[in-house]
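In case you want the letters, here they are:
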Amino acid sequence: MGKEKIHISIVVIGHVDSGKSTTTGHLIYKLGGIDKRVIERFEKEAAEMNKRSFKYAWVLDKLKAERERGITIDIALWKFETTKYSCTVIDAPGHRDFIKNMITGTSQADCAVLIIDSTTGGFEAGISKDGQTREHALLAFTLGVKQMICCCNKMDATTPKYSKARYEEIVKEVSSYLKKVGYNPDKVPFVPISGFEGDNMIERSTNLDWYKGPTLLEALDQINEPKRPSDKPLRLPLQDVYKIGGIGTVPVGRVETGVIKPGMVVTFGPTGLTTEVKSVEMHHESLLEALPGDNVGFNVKNVAVKDLKRGYVASNSKDDPAKEAANFTAQVIIMNHPGQISNGYAPVLDCHTSHIAVKFAEIQTKIDRRSGKEIEAAPKFLKNGDAGFVKMIPTKPMVVETFAQYPPLGRFAVRDMRQTVAVGVIKAVEKKDPTG
Amino acid sequence: MHSNLISIQNSLTFPVVTQVMLIYVNKLFMFSGVTAPGQGVKVLSSVVPETSTTDVAEAPAADDDDDSDVDLFGEETEEEKKAAEERAAKAKASTKKKESGKSSVLLDVKPWDDETDMVKLEEAVRSIKMEGLLWGASKLMPVGYGIKKLQIMMTIIDDLVSVDTLIEDHLCVEPANEYIQSCDIVAFNKI
């Protein structure tokens, strides 16, 4: 047992009025995500203003105001600790650009926490009408966030208060909802909580003594330890390439799978350029080995800066080296496209760090929204809300992988008209054999 | 930051509710007595189920149970319409504050090399002004081999500022690209 806790990432989704920010704030506040001095300062101010009774809500408001001013950097990286884990929380924003970030960014979560407003009318007006919550839940599922915890929030405000009957009603309805998204509700803990009052968040609440399941904190501790893909072959998509005087060429990027270490012979896809890694550095410190999640720079021999660029992928030349994709087949969900998508459509794909136009060469099938079966072979077009299999051909050399093998290189956002119009998961890749 | 990769070895078939999820926004989830045969969702999966309490990606296949008599995607009934209207009216009447619709974004701004003037780089970033964009705190972070990157906070109003546009059309083009090689989003949160 090391001193360092295992790191996991959680995405919190829910309707704007579900109390998700209050709940998230509560966890961070109680579990050590906020600088102690900041809390002390706020608490002192609150006491001076005789705000003792509203202390918690008041502190949250203050923190929110502070975040709006953007004056502390650490606050952007929301963190708290459970018994077992060190957690980073993403409070899913309503911003349209967040979806692309969910796919290409560091935001990939290990677990989704869905917050539901359990109050009379609140539930019906909340999740049921909120397309965004559904979209986020669907995206989380599609992008491989396998685990979910559901919080039935605002139990202090149900009629009657802390109503078991209401809880059971919500569990039944949300279960059905989650099933439609793709999750197995039998494996989702439904925790009745009050993010505002603190019931069942950290400590078991006597108000909810009929509930025998885990508290939110316990449910978070029960999350399966994520498998870190360090045993897979190396994939390191390049973000930047530097030329450093006296050292040479230094590509920089995040290790997505596998490890990179000095002495390793790496191959850069899609070009196939192969060279030896002289050294690896992170935060100006030399590393003997970099693991998935590490943002590193590495020094390579006899390679000019112009031979490498953002979007290229470093891989181990002896272990499934990255190659150019001649074409690939993906399951695509159309999300925000105002028109019809037909064969020949060539929008820009954001996949890992690459940003390249890709042609929808052949829409192979359209999938029925109810049965999951093919409803139409070779449809003329796909429109908003449709899902289908599409054979795609990059317009420039590019590295992609199947989602099953290398998840971060196997999911993409389709960008057009300045927004994400579709998302996709790659099922098969036909690779080109290196010509050189 | 961790990448938090999840290794999914199974082949997921998309949940087929997609269309509905995205289009029948107002209809989904009205359970009040709409009836029609629904076939439920089939998600094919080749995963060997792992025993766990929260690993829920292997969705149930064909075993539809109690929800098979609920058509989530059917037409809105009169009752539902009425209920929806009532809710809308209630929501309007509510004096509750609207959501701020703001996000907090932490951005990595990367220079061309170890000799890039990071002061000028930061000036170039902060000189970009648009409605709904507020630059916040920043710091220089070591990358390796003497290279530093600028990490900077910004607060944006969701409806006014696109982060992608900011990066693609302002930060990575002239004149800012004299100093900036690329930008990456480190954190993106609701405020």
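Conventions and cut-offs
Residues numbered from 1 in each chain as written. Chains lettered and ligands numbered in written order. Predicted model: local features only at pLDDT ≥ 70, side-chain atom pairs only at ≥ 80, totals over all residues. Heavy atoms only, no water. Helix = DSSP H or I, 4+ residues; strand = E, 2+ residues; numbered from the N terminus. Buried < 20%, exposed > 50% of the residue type's maximum accessible area, 1.4 Å probe, protein only. Polar contact = N/O pair within 3.5 Å; in protein donor to acceptor, adjacent residues only side chain to side chain. Contact = heavy atoms within 4.5 Å. Phe/Tyr/Trp six-rings, centres within 6.5 Å; stacked < 30°, edge-to-face > 60°. Pairing = 2+ DSSP bridges. Axes fitted to C-alpha atoms, helices over the stretch in contact; angles between N-to-C directions. Domains from an automatic or database assignment. Buried area = accessible area lost by both parts, 1.4 Å probe. Salt bridge = Lys/Arg side-chain N within 4 Å of Asp/Glu carboxyl O. Nonpolar A, V, L, I, M, F, W, Y, C, P; charged D, E, K, R; others polar.

**Considering the environment of B:S103**
Residues and elements named next belong to chain B. Tracing the chain through its elements places S103 in strand β1 (residues 102-111). Overall, S103 belongs to the buried group, its relative accessible area being 0%. For S103, the side chain forms a polar contact with the side chain of D158, separated by 2.7 Å.

**Observations concerning the environment of B:L140**
Residue and element names in this part refer to chain B. Among the secondary structure elements, L140 is positioned in strand β2 (residues 133-144). A C-alpha to C-alpha distance of 8.7 Å links L140 and I152, two positions twelve residues apart in sequence. Look past the residues within four positions of L140 in its chain and what remains in contact with it is M118, K148, K149 and L150.

**Comments concerning the packing of aromatic side chains**
Two measures describe an aromatic ring pair: the distance that separates the ring centres and the angle between the ring planes. Residue and element names in this part refer to chain A. Counted under the stated rule, the structure contains seven aromatic pairs over all chains. Residues F328 and F412 carry aromatic rings whose centres are separated by 6.2 Å and whose planes lie at 70 degrees to one another, so their mutual orientation is edge-to-face. A residue pair is termed long-range when its members are at least 10 positions apart, and F328 in strand β14 (residues 325-334) and F412 in strand β21 (residues 411-416) qualify at 84 residues. Here F412 falls in the buried class, since its relative accessible area comes to 0%. Here the aromatic cluster, defined as three or more aromatic residues joined through ring pairs, consists of Y167, W210 and Y211.

**Quick word on the sheet that holds β1(B)**
All names here are of chain B. In spatial order, the strands read β2-β3-β1-β4; together these four strands make up an open sheet with antiparallel pairing. Only two strands of the sheet have a single partner each, and these edge strands are β2 and β4 (180-190). When the angles between neighbouring strand axes are averaged without regard to direction, this sheet yields 20 degrees. Pairing between β1 and β4: nine bridges, direction antiparallel. What sits directly across from L106, in β4, is A187. Across the sheet, helix α3 (residues 118-126) lies against β1, β2, β3 (147-157) and β4, angled at about 15 degrees from β3, the strand it touches most.

**Here's the deal with the domain arrangement of chain A**
Residue and element names in this part refer to chain A. When the domains of chain A are assigned, the result is domain 1 (6-222), domain 2 (235-316) and domain 3 (325-431). Taking the mean C-alpha position of each, domain 2 and domain 3 sit 29 Å from one another. Each side of the interface is counted separately: domain 2 has eleven residues, and domain 3 has eleven residues. Between domain 2 and domain 3, a total of about 880 Å² is buried, with carbon and sulfur atoms accounting for 70% of that surface. When the buried area of domain 2 at its contact with domain 3 is split by residue, R235, P270 and G311 rank highest and sum to 48% of it. Across the domain 2-domain 3 interface, the total number found is one salt bridge. The salt bridge involving R235 is made with E401; its shortest N-O contact spans 3.0 Å. If you look at where domain 2 meets domain 3, you find three residue pairs in polar contact (both at pLDDT 80 or more). Among the elements that take part in the side of domain 2 that touches domain 3, strand β7 (residues 236-244) stands out by supplying three residues, more than any other. In terms of residue class, the side of domain 2 that touches domain 3 is made up of four nonpolar, four polar and three charged.

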